[in-house]
Amino acid sequence: MDMMNRMSAWWVSRILLVLAVAHGDWMGASLGAAELVRVDRIWDQAHHNAFTDLARFQGHWFCVFREGTRHVSDDGALRVLRSKDGMKWESVALIESDIADLRDAKLSVTPDGKLLLSGAGALHDKSEGSHQSYNWFSDDGVTWGKAVAIGRISDWLWRTSWSPAGKAYSIGYRTGVPEERAVRLYESEDGRQYDVLVDNLMMDGYPNETSIVFSKDDTAYCLLRRDAGTKTGQWGVAKPPYTDWTWHDMGVRIGGPHMIRLPNGKFVAAVRLYDGKVRTSLCWIHPETGALDEFLALPSGGDTSYAGMVFHDGLLWVSYYSQHESLDPEVETDFTTAIYMAQVKLD
């Protein structure tokens, strides 16, 4: 990266903070129970760089995201970056498709020690369906196998989560047919063959993007986005075999939801919030009610969200994308959105 070769990551993070303060849109490097240790722009080589995820695998960091000419364009491809220290990043793979715009890649580690990349293709030929979900497998995060088609066509399987029992679960939402907007819960033994476990989790309000976390007692928790009706997020809870879910209205609109469970048992989420200024924020979630408590807004704005999160060595690492720099008239850029990496210290 030419820009990153000219300017160290330390200076990039300092400039981001100074610019945000100067324009009056930064909520503070320390807010209550969290401190933003640093934030770096790690990739900006495409015109539109977006929809991230993050994983630790074999002693390295892996960050994946979509590259394209626009937020929605036919040329979307999935870029994989690798880093030893989380500061210096290198591109190790680019996954492309001749038949689809590849979007929204997610990472997970399989029970047998492979790195799993999940994503969806917005098909160029929509005669049979609008989207096809895929999984790719790798032994080292660098060399990837062929795409494995998963789920029903036109079902967008958003993210694969592994239960303590070693099974894979993914919620797919219906695309392309507005009157059939619904979400299905899929189950898999190996991440290759997915079967429908619950055909209709909920119908109201166009449910779509999700994140599932399992507790040690096998309870499943789901953070779900809705884009119709009240547009408020939903919080779902279920015990094995995950066929009976209880849903709570979170009372706030969210986008790009993702969450993890910290070693102390707390649930932390990264979401796009719409009240006032659009931003990517970190929030606590109350597991009993789904109540959302924002505690740190990341430097972000405009087209932003879709974070990946890993808690490692006492820090919360967060990948995300944002448009805030390209919206700043004082910052010269060749990109619309870029990929950022934040390190957050939690109290």
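This one's a predicted model, so the numbers in the text were calculated from it and none came from an experiment.

Undergrad: Which parts of the structure should I look at to understand the pattern of salt bridges?
TA: Close approach of charged atoms allows side chains of opposite charge to pair. Applying the stated criterion to the full structure yields 23 salt bridges. Salt-bridge contacts for lysine 167 lead to glutamate 189; the nearest nitrogen and oxygen are separated by 3.5 Å. On the criterion of sequence distance, the pair formed by lysine 167 in the loop between β12 (161-162) and β13 (168-174) and glutamate 189 in the loop between β14 (183-188) and β15 (194-198) is long-range, its members being 22 residues apart. For glutamate 189, a relative accessible area of 56% puts it in the exposed group. Across the pair aspartate 204 and arginine 226 runs a salt bridge, and its minimum N-O distance is 2.8 Å. With aspartate 204 in the loop between β15 and β16 (207-214) and arginine 226 in strand β17 (residues 220-226), this pair connects stretches of sequence that are 22 residues apart.

Undergrad: I keep staring at the pairing of β13 and nothing clicks. Help me out?
TA: In regular strands, side chains alternate between the two faces of the sheet. Within β13, seven of the seven residues are buried, which leaves the element mostly enclosed by the surrounding structure. Residues Ala168, Ser170, Gly172 and Arg174 of β13 are buried on one face, and the alternating residues Tyr169, Ile171 and Tyr173, pointing to the opposite face, are buried as well. Across three bridges, the pairing between strand β11 (residues 155-157) and β13 is antiparallel. Of the residues in β13, the one forming a bridge with leucine 157 is glycine 172. Relative to β13, β12 is paired through two bridges, and the arrangement is antiparallel. Within β13, the residue paired with tryptophan 162 across the bridge is alanine 168.

Undergrad: Is there a simple way to think about the nonpolar core in this case?
TA: Nonpolar side chains tend to gather and get buried jointly when the protein is soluble and globular. Within the largest apolar cluster, 37 residues are counted, with the highest numbers of intra-cluster contacts made by Ile42, Leu54, Cys63, Trp89, Leu185, Tyr242 and Trp245. Sequence-distant contacts of tyrosine 242, that is, excluding residues within four places in its chain, are made with Tyr169, Leu185, Leu197, Val198, Phe214, Asp218 and Ala220. By size, the runner-up hydrophobic cluster in this structure holds 23 residues, among which are Phe295, Leu298, Ala307 and Ala342.

Undergrad: What exactly am I supposed to notice about the environment of lysine 345 here?
TA: Relative to the helices and strands, lysine 345 is located in strand β26 (residues 338-346). Those residues in contact with lysine 345 that lie beyond four places of it in its chain are Ala33, Ala34, Glu35, Val37 and Leu315.

Undergrad: Honestly, the packing of aromatic side chains in this entry has me stumped. Any pointers?
TA: Each aromatic ring pair is summarised here by two numbers: the centre-to-centre distance and the angle between the ring planes. Scanning the entire structure with this criterion turns up 21 aromatic pairs. Look at phenylalanine 57 and phenylalanine 62: their rings are 6.1 Å apart centre to centre, the planes differ by 65°, and that puts the pair in the edge-to-face class. For the pair phenylalanine 57 and phenylalanine 62, a shared accessibility class is recorded, and that class is buried. These aromatic residues form a ring-pair network of at least three members: Phe51, Trp156, Trp158, Tyr173, Tyr206, Tyr306 and Tyr321.

Undergrad: Quick question: what am I supposed to make of the sheet that holds strand β19 (residues 245-249) here?
TA: Whether parallel or antiparallel, the strands of a sheet pair through hydrogen bonds between backbone atoms. On the basis of which strands lie adjacent, the open sheet formed by four strands has the order β16-β17-β18-β19 and antiparallel pairing. Both edges of this open sheet fall to β16 and β19, since each of them pairs with a single strand only. Recorded for the sheet is a direction-independent mean angle of 25° between the axes of neighbouring strands. Note: strand β18 (residues 234-238) against β19, five bridges, orientation antiparallel. If you follow valine 237 over to β19, its bridge partner there is threonine 246.

Undergrad: Help me out: how do you make sense of the sheet that holds strand β3 (residues 48-57) in this one?
TA: The four strands lie next to each other as β3-β4-β5-β6, forming an open sheet whose pairing is antiparallel. Lying at the two open borders of the sheet, with one neighbouring strand each, are β3 and β6 (90-95). On average, adjacent strands in this sheet sit at an angle of 25° to one another, irrespective of strand direction. Where strand β4 (residues 60-68) and strand β5 (residues 77-83) come together, seven bridges link them in antiparallel fashion. Considered in β5, the bridge of valine 64 is made with valine 80.

Undergrad: Is there a simple way to think about the confidence of the model for the chain in this case?
TA: Detailed reading of the predicted model is not advised wherever pLDDT is low. When pLDDT is averaged along the chain, the result is 91; 90% of the residues meet or exceed 70. Confidence over residues 1-32 falls short of pLDDT 50; this stretch has 53 contacts with residues more than four positions distant or in other chains.

Undergrad: What should I look at first to understand unusual backbone geometry in this one?
TA: Only a minority of non-glycine residues have a phi that is not negative, and only a minority of peptide bonds are not trans. In this structure, proline 241 follows proline 240 across a cis peptide bond, with omega equal to 10°. Summarising the element assignment, proline 241 is placed in the loop between β18 and β19. Although it is not a glycine, aspartate 218 adopts a positive phi angle of roughly 75°. Among the secondary structure elements, aspartate 218 is positioned in the loop between β16 and β17. The exposure class assigned to aspartate 218 is partly exposed, which follows from its relative accessible area of 25%. For tyrosine 242, which is not glycine, the phi torsion reads 70° and is therefore positive.

Undergrad: Help me out: how do you make sense of the state of the cysteines in this one?
TA: One way to say it: the disulfide is the covalent bond shared by the sulfur atoms of two cysteines. Taken as a whole and assessed by the stated rule, the structure comprises zero disulfides. In this model cysteine 222 remains outside any disulfide bridge; the closest cysteine sulfur is found in cysteine 283, 16 Å from its own.

Undergrad: In this structure, what is going on with the side chain of arginine 174? I would like to understand it.
TA: Along the chain, the position of arginine 174 falls in strand β13. Within polar-contact distance, the side chain of arginine 174 engages the backbone oxygen of isoleucine 153 at 3.1 Å. Apart from residues lying up to four places away in sequence, arginine 174 is in contact with Ile153, Ser154, Asp155, Glu180, Arg181, Ala182, Arg184 and Tyr206.

So, how was this worked out
Residues numbered from 1 in each chain as written. Predicted model: local features only at pLDDT ≥ 70, side-chain atom pairs only at ≥ 80, totals over all residues. Heavy atoms only, no water. Salt bridge = Lys/Arg side-chain N within 4 Å of Asp/Glu carboxyl O. Helix = DSSP H or I, 4+ residues; strand = E, 2+ residues; numbered from the N terminus. Buried < 20%, exposed > 50% of the residue type's maximum accessible area, 1.4 Å probe, protein only. Pairing = 2+ DSSP bridges. Core = buried A, V, L, I, M, F, W, Y, C linked by side-chain atoms within 4.5 Å. Contact = heavy atoms within 4.5 Å. Phe/Tyr/Trp six-rings, centres within 6.5 Å; stacked < 30°, edge-to-face > 60°. Axes fitted to C-alpha atoms, helices over the stretch in contact; angles between N-to-C directions. pLDDT = per-residue confidence, 0-100. Disulfide = S-S within 2.5 Å. Polar contact = N/O pair within 3.5 Å; in protein donor to acceptor, adjacent residues only side chain to side chain.

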